[in-house]
Amino acid sequence: MEERVFNFSAGPSALPVEVMKKAAESMLNHGGSGMSVMEMSHRSGPFEAILSEAEVNLRTLMGIPDDYYVLFVQGGATLAFAMTPLNLMNGSGKADYVITGQWAEKAYQEAAKFGDAHIAASSKEQKYSFIPKVMASDFRQDADYAHITWNNTIYGSKYSGIPDTGGLTVVTDMSSSILSERIDVSKFGCIYAGAQKNIGPAGLTIIIIKKALVGHAKENIPTYLDFKTHADSGSMYNTPPTWNIYISGEVFKHLLQRGGLEAMEEINKRKAARLYDYIDGSKLYTAPVAAEDRSPMNIVFITGSEKLDKKFITEAKGEGLVQLGGHRSIGGMRASVYNAMPEEGVDRLIDFMERFEAQNI
Ligand code: PMP
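Residues numbered from 1 in each chain as written. Predicted model: local features only at pLDDT ≥ 70, side-chain atom pairs only at ≥ 80, totals over all residues. Heavy atoms only, no water.

1. Here we look at the sheet that holds strand S9 (residues 190-194)
Taking strand neighbours across the sheet as the criterion, the 7 strands line up as S2-S10-S9-S8-S5-S3-S4 in an open arrangement whose pairing is mixed. With partners counted over all chains shown, the strands left at the sheet margins are strand S2 (68-73) and strand S4 (116-122), one partner each. Across the sheet, the mean angle from the axis of one strand to that of its neighbour is 20 degrees, orientation sign disregarded. Relative to strand S10 (residues 205-210), S2 is paired through 6 bridges, and the arrangement is antiparallel. Within S10, the position partnered with Val 73 by the bridge is Thr 205. This element, helix H4 (residues 102-114), spans strand S3 (94-99), S4, strand S5 (145-149), strand S8 (170-173) and S9 of the sheet and lies at about 165 degrees to S3. (Pairing = 2+ DSSP bridges. Helix = DSSP H or I, 4+ residues; strand = E, 2+ residues; numbered from the N terminus. Axes fitted to C-alpha atoms, helices over the stretch in contact; angles between N-to-C directions. Contact = heavy atoms within 4.5 Å.)

Written as structure tokens, this is what we have:
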């Protein structure tokens, strides 16, 4: 393949070309240091500048208040599933989870190992085709926190507002929608996200946590899993994923240049509306998620025939529209259209879908 493709992967996924070009240019000699960022000591001046600039820019982008830590760690969102209960199930030992997909379920199962985890609501029986409408009475009011999965990458659903938990601390997995829209960080106790969708390369996890919630971890937990370890050391307790932090920092700068998260939200809404509107008007495709809960990031659709779905994915690939297969557990199609997917990619996909529909209906 000579040209770059339109990559609809759910993650790791497309990154801004401008960022990758800049990284390529500085690959052998970053900023006159005579070396790549990959080769730099994490304790060196240039890297410390990269880390602090990344944090400042992320704080600006997301409007993160001063009473929140921003932690750069490893282990993916999967390790954050465990870190959350180990750090926060520290009062009654209870935590309430809303199950909106496989990742939410995995987060819940991890918490159930360490304390009294409870399912407040679930859409599992309905194949996770919507976000359950919950109210304060669905949550145990003495729970240490409520956990929600803001965007459900596999099923293509997303919260459009924080549910009423009756004032519980809300913890959320925002892996697949962070930086795609403006959110009010102050309404959450903790937000965590794996980097490999909207932030940067796989291998970095970002945890944004209210300072008051740090320092109350269960006893005898591994040092690395205690939020306080990373908070006290400015994410430098051990060697952080230096290259990933560098690229993510460049993505933050790039997003600020593009107008920040308000601008991204507008573009993302436009991209998603175009695709969903086309799907809803077509005779061949259907989007199974309830209209009000549809994710602008992961757009899931089917033809109703597994054979036709496979044909779609193969033929799309032939046109440079790749990674359109749904998650291996559910099949169908999924177009992940994170920040780095240009509007042109969505238009090209719709153009292909129209032609495929005309030929196969
Ligand atoms: N949560 C969500 C919403 C995800 O989409 C994913 C992975 N795609 C995970 C958690 C797991 O993340 P990781 O592979 O970074 O552990």
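From this point, things continue past the structure.
2. Some remarks on the site of the ligand
Neighbouring residues of the ligand: Gly 76, Ala 77, Thr 78, Phe 81, Trp 103, Asn 151, Thr 153, Asp 173, Ser 175, Ser 176, Gln 196 and Lys 197. A distance of 2.5 Å separates an oxygen atom of the ligand from a polar atom in the side chain of Thr 78. Contact distances for the ligand include 2.4 Å between an oxygen atom and a side-chain N or O atom of Thr 153. When the ligand is considered free in solution it has 400 Å² of accessible area, and contact with the protein chains removes 85% of it. With 4 residues, the single largest contributor to the shell around the ligand is helix H3 (residues 76-88). Taken together, the residues that form the shell around the ligand break down as 3 nonpolar, 7 polar and 2 charged. (Near = heavy atom within 4 Å. Polar contact = N/O pair within 3.5 Å; in protein donor to acceptor, adjacent residues only side chain to side chain. Areas by Shrake-Rupley, 256 points an atom, 1.4 Å probe, with all protein chains shown as cover. Nonpolar A, V, L, I, M, F, W, Y, C, P; charged D, E, K, R; others polar.)

3. Considerations on unusual backbone geometry
Excluding glycine, residues mostly carry a negative phi; peptide bonds, for their part, are mostly trans. Backbone torsion omega between Gly 11 and Pro 12 reads -5 degrees, so that peptide bond is classified as cis. Locating Pro 12 in the fold gives a position in the loop between strand S1 (6-7) and helix H1 (17-25). With a phi close to 55 degrees, Lys 127 is a non-glycine residue in the positive phi region. By the secondary structure assignment, Lys 127 is in the loop between S4 and S5. With a relative accessible area of 70%, Lys 127 lands in the exposed category. Unusually for a residue other than glycine, Ser 235 sits at a positive phi of about 60 degrees. In this fold, Ser 235 is placed in the loop between helix H5 (227-232) and helix H6 (242-257). (Buried < 20%, exposed > 50% of the residue type's maximum accessible area, 1.4 Å probe, protein only.)

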